[in-house]
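So the chains spell out like this:
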Amino acid sequence: QVQLVESGGGFVQAGGSLRLSCAASGIPFSIYNMGWYRQAPGKQRELVALMSISGRTNYADSVKGRSTVSTDNALNTMYLQLDSLKPEDTAVYYCHAAHYAVPKINYWGQGTQVTVSS
């Protein structure tokens, strides 16, 4: 019924780029606020980027200026473009969806690993 599947992670050198994808099944972007989060070993999960149902976006200071979140409604897919990658970006990246009116109704993907070497 509902599923979020991330892909696009991998191993890159510092300064490189990746485009992460989140294929959303059973989640209309019109009523779900979407987001990307990441979690490094020993760290709490943290916000990377948000996109509200209105299309407004918000980015963590750590990625602002080198990150872009977008959606392809026809493909029901959300993307996260990461540029100028740093070793500190190494983490598992998760896709998240929260119902705009009832945020307790929310879903997480399984994550995709991003590893940035120095």
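Everything below is about the structure shown above.
Residues numbered from 1 in each chain as written. Predicted model: local features only at pLDDT ≥ 70, side-chain atom pairs only at ≥ 80, totals over all residues. Heavy atoms only, no water.

**Brief notes about the packing of aromatic side chains**
Overall, the coordinates contain three aromatic pairs when judged by the stated rule. Judged by centre distance (5.1 Å) and plane angle (65°), the rings of Tyr-37 and Trp-108 are edge-to-face. Of the two residues, Tyr-37 is situated in strand 4 (residues 32-39) and Trp-108 in strand 10 (residues 106-108); the sequence distance between them amounts to 71 residues. Each ring, one from Tyr-94 and one from Trp-108, has its centre 6.4 Å from the other, and the planes form 90°; the classification is edge-to-face. With Tyr-94 in strand 9 (residues 91-99) and Trp-108 in strand 10, this pair connects stretches of sequence that are 14 residues apart. Note on Trp-108: relative accessible area 36%, which makes it partly exposed. (Phe/Tyr/Trp six-rings, centres within 6.5 Å; stacked < 30°, edge-to-face > 60°. Helix = DSSP H or I, 4+ residues; strand = E, 2+ residues; numbered from the N terminus. Buried < 20%, exposed > 50% of the residue type's maximum accessible area, 1.4 Å probe, protein only.)

**Concerning the pattern of salt bridges**
Using the criterion set out here, one finds four salt bridges in the structure. Close ionic contact of Asp-89 with Arg-66 constitutes a salt bridge, the shortest N to O distance being 2.8 Å. Placement of the pair is Asp-89 in the loop between strand 8 (77-82) and strand 9 and Arg-66 in the loop between strand 6 (57-59) and strand 7 (67-72), with a sequence separation of 23 residues. Of the residues examined, Asp-89 reaches a relative accessible area of 1% and is grouped as buried. Linked through salt bridges whose partners overlap, the residues forming this network are Arg-38, Glu-46, Arg-66 and Asp-89. (Salt bridge = Lys/Arg side-chain N within 4 Å of Asp/Glu carboxyl O.)

**Some points on unusual backbone geometry**
With phi around 50°, Asn-76 is a residue other than glycine that occupies positive phi space. With respect to the helices and strands, Asn-76 occurs in the loop between strand 7 and strand 8. Phi angles above zero are rare outside glycine, and Ser-84 is one such case at about 45°. Under the relative-accessibility criterion, Ser-84 is labelled partly exposed at 42%.

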